[in-house]
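Here's the letter readout for the chains.
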Amino acid sequence: MPHIAIVYFSQNGTTALLAEAIAHGATQAGAQSELLRIEESQFTGSRWKDDTVLDRLAQADAIVFGAPTFMGGVAAPFKAFADATSQVWFHRGWVGKLAGGFTISGSASGDKLHSLAYLSIFAAQHGMLWANWDAMPRQPDGTNRFGNFLGLAAQNPAPPGTPPALETADAVSADRYGRYLAALATRLGTR
Ligand SMILES: Cc1cc2nc3c(=O)[nH]c(=O)nc-3n(C[C@H](O)[C@H](O)[C@H](O)COP(=O)(O)O)c2cc1C
C-alpha cells in the first residue's frame, strides 16, 4: 500500500478541504494518506522548521503539495516550507518519489497556473516524478473544469469572511485526483 503525504498551507480553509478530498480519494483507491498542514506554530519569524513533518515526508512514497494562490503565486507560508527543504534537496532525499500539486484561487483563472508551475518546478528540483493529470475537461460531473493538466486547480468565488466550502465540481475533482495519484503510486511501487 503506497503512503501518500499531502503537505499544504491553507489560510481560510478551502485548500484544507481540497487536501482532505484528495486524501479521501487516495485512501478509497488503496493508499495510506496523511495530511500535513503548514501551521503558524512551525515558524520562527519568517523561517519554517518542523523536523517531524520532514521525517514524515521522508517516509512517503508520494508527496502532494498544496497552496492557495496569493498574488499570482503560492502563498508565502508554503514558499517558506519549500525553502526550508533545501537540506533535503542537498542530500537528494526525495529523488524518485511521485509528486503532485493543487491550488485554489478566487478568480476562475486567478493566475493559478503559475502556482501549479511553481509546484512542479519545486518537485523537479527535488528530482521527483511529477504526475501530470490525465483527466479530460468538461466532464458531466465537472471534473477538471478549468482544464489544467499540470495538477488540480479549483476556484473559491466566495467573498472574504465566508465559511470555507468547495464547489461540488472541485470536491469531485479533488477526490478523483487523489484516486489517480494513488493508482500511479501503486503502479510505481512502494519504497
Ligand atoms: C493575500 C491574498 C492574495 C490572493 N491572491 C489571489 C490571486 O492572485 N488570484 C486569485 O484569483 N485569488 C487570490 N486570492 C483568493 C484566494 O486564493 C482564495 O480565497 C483561496 O480560496 C484561499 O485559500 P484558503 O481558503 O485555503 O486560504 C487571494 C487571497 C488572499 C488572502
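Preceding this section is the structure that the text describes.
Presented here is an overview of the structure given in this document. Since the model is a prediction, treat every value here as computed from it, not as a measurement.

1. Quick word on the packing of helix α1 (residues 14–28) against helix α6 (residues 168–188)
Helices that pack against each other are described as a pair by the angle of their axes relative to one another and the distance between those axes.
And step 1. Between α1 and α6, the least distance of the axes is 6 Å, while the angle of their chain directions is 45°. Compared by their axis directions, α1 and α6 come out oblique. In the packing of α1 onto α6, the handedness of the crossing is right-handed. Taking contact as the criterion, the partners of L18, A21, I22, H24, G25, A26 and Q28 in α1 are, on α6, D170, A171, A174, D175, Y177, G178, R179 and A182.
And step 2. Residue classes in the contact of α1 with α6 are distributed as eight nonpolar, four polar and three charged.

2. Observations regarding the site of the ligand
And step 1. Inspection of the region around the ligand gives 17 residues, with S10, N12, T14, T15 and T69 positioned closest.
And step 2. T14 is positioned such that a nitrogen or oxygen atom in its side chain is 2.6 Å from an oxygen atom of the ligand.
And step 3. One of the backbone nitrogen or oxygen atoms of G110 is found 3.2 Å away from a nitrogen atom of the ligand.
And step 4. Protein contact buries 77% of the 640 Å² of open area that the ligand shows by itself.
And step 5. Elements represented by at least two residues in the shell around the ligand include exactly α1, β6 (69–70) and β8 (98–105).
And step 6. Among the residues forming the shell around the ligand, the class breakdown is four nonpolar, 13 polar and no charged.

Calculation rules
Residues numbered from 1 in each chain as written. Predicted model: local features only at pLDDT ≥ 70, side-chain atom pairs only at ≥ 80, totals over all residues. Heavy atoms only, no water. Axes fitted to C-alpha atoms, helices over the stretch in contact; angles between N-to-C directions. Helix = DSSP H or I, 4+ residues; strand = E, 2+ residues; numbered from the N terminus. Parallel < 35°, antiparallel > 145°, perpendicular 65-115°, else oblique. Left-handed = near helix turned anticlockwise from the far one by under 90°. Contact = heavy atoms within 4.5 Å. Nonpolar A, V, L, I, M, F, W, Y, C, P; charged D, E, K, R; others polar. Near = heavy atom within 4 Å. Polar contact = N/O pair within 3.5 Å; in protein donor to acceptor, adjacent residues only side chain to side chain. Areas by Shrake-Rupley, 256 points an atom, 1.4 Å probe, with all protein chains shown as cover.

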